[in-house]
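Inside the fold
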Amino acid sequence: MSRIMQAEMPPMQRTLAVKDDYAMDCRLPSGTQVIADVRLDVHGCLYLASYAAYDLQVATSCLLKPQEGDRIRAIVDQKKLFVTDILSRKQSGPLIINSGESELHIQAAGLTLNGGHHLDIYAEKISLRSKMAKWISEQMNQVAKRWFVQADDAYRKIKHNEDVEAKNISFQAEDMLALKGRLTSVSGSAVVKVDGSQIHMG
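Residues numbered from 1 in each chain as written. Predicted model: local features only at pLDDT ≥ 70, side-chain atom pairs only at ≥ 80, totals over all residues. Heavy atoms only, no water.

**Comments concerning the overall build of the chain**
- Across its full length, the chain holds one helix and five strands.
- Listed N to C, the secondary structure of the chain is α-β-β-β-β-β in terms of helices and strands.
- In the chain, which comprises 202 residues, the proportion classed as buried is 19%.
- Counting contacts in the chain only where the partners sit at least 6 residues apart, residues at least 24 apart contribute 63% of the total.
- Carbon and sulfur atoms provide 50% of the accessible area of the chain, an area that totals close to 18900 Å². (Helix = DSSP H or I, 4+ residues; strand = E, 2+ residues; numbered from the N terminus. Buried < 20%, exposed > 50% of the residue type's maximum accessible area, 1.4 Å probe, protein only. Contact = heavy atoms within 4.5 Å. Areas by Shrake-Rupley, 256 points an atom, 1.4 Å probe, with all protein chains shown as cover.)

Dropping the structure here:
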């Protein structure tokens, strides 16, 4: 269960720190549902209006992170209030799915992510396992410190031009290496070497 509280503070001290004349003590029976607005006290802690004496937490099933000004529904569990639903939000901005310190897994027969204008993914490590992967893009930029590709067969078709810039380039073929072109040029500013047991020219 992820906590809303941004700082540890006993409920009594937090009650005294907020400006709420209707703060209730913890007398509601467990299981009682309440609807209230999320407030922010002077210490930067979130609490529910009229229920500042309760320790506020987020239910595991409520993945959206509450914000100040949200109209929410919560359920009482002893001296704690667990946010179960966010009914409305006044502040503009993105909705944040927060599973706290727990991992979040999504399982479905099919899954579609539609970012509209953009889709950003941030992670220290990304793994993709698929029998077939298809990428379609008008422009693709890839930047990597080290890039390794391993495949049984590879085919690449470039419609117009392909330019390769590198300090050193090495091609190694176990059986055959073929270079074909209507106009083919091999030049070296210092040395050009052709070595083989048989060399055919023309």
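**Focus on the environment of Gln33**
- Position of Gln33 among the secondary structure elements: in strand β1 (residues 33-40).
- Placed 44 residues apart in sequence, Gln33 and Asp77 show a C-alpha to C-alpha distance of 9.8 Å.
- Setting aside anything within four residues of it in sequence, one finds Gln33 in contact with Arg73, Ala74 and Ile75.

**Overview of unusual backbone geometry**
- Even without glycine at this site, Ser50 takes up a positive phi of about 75°.
- Among the residues examined, Ser50 registers a relative accessible area of 24% and is labelled partly exposed.
- Positive phi, close to 60°, is recorded for Gln78, a residue that is not glycine.

**Some details on the sheet that holds strand β4 (residues 71-77)**
- Here five strands make up an open sheet; going across it, the order is β2-β1-β4-β5-β3 and the pairing mixed. The two strands at the open ends of the sheet, each matched to only one other strand, are β2 (46-48) and β3 (55-58). Averaged over neighbouring strand pairs, the angle between their axes works out to 45° when direction is ignored.
- Both β1 and β2 contribute to a ladder of three bridges, which runs antiparallel. Paired with Val38 across the two strands is Leu48, which belongs to β2. (Pairing = 2+ DSSP bridges. Axes fitted to C-alpha atoms, helices over the stretch in contact; angles between N-to-C directions.)

**Let's talk about the pairing of β3**
- Residues of β3 alternate between two faces, with Asp55 and Gln57 on one and Leu56 and Val58 on the opposite face, all of them buried.
- Here β3 pairs with strand β5 (residues 80-88) via four bridges, running parallel. Following the sheet pairing, Gln57 is matched in β5 by Phe82.

**Considerations on the pairing of β5**
- As paired strands, β4 and β5 are joined by seven bridges and run antiparallel to one another. For Ala74, the partnering residue across the bridge sits in β5 and is Val83.
- Linking two consecutive strands that pair antiparallel, namely β4 and β5, is a turn of two residues; a positive phi of about 60° is found at Gln78 within it.

**Considerations on the pattern of salt bridges**
- Counted by the stated rule, this structure contains four salt bridges.
- Residue Asp37 pairs with Arg71 through a salt bridge whose shortest N-O separation is 3.2 Å. Here the residue Asp37 occupies a position in strand β1, and Arg71 occupies one in strand β4, the gap between them amounting to 34 residues.
- A relative accessible area of 33% means that Arg71 is categorised as partly exposed.
- The shortest N-O distance in the salt bridge between Arg73 and Asp85 comes to 2.8 Å. Of this pair, Arg73 sits in strand β4 while Asp85 sits in strand β5, and the two are 12 residues apart along the sequence.
- Judged by relative accessible area, Asp85 falls into the partly exposed class, the value being 28%. (Salt bridge = Lys/Arg side-chain N within 4 Å of Asp/Glu carboxyl O.)

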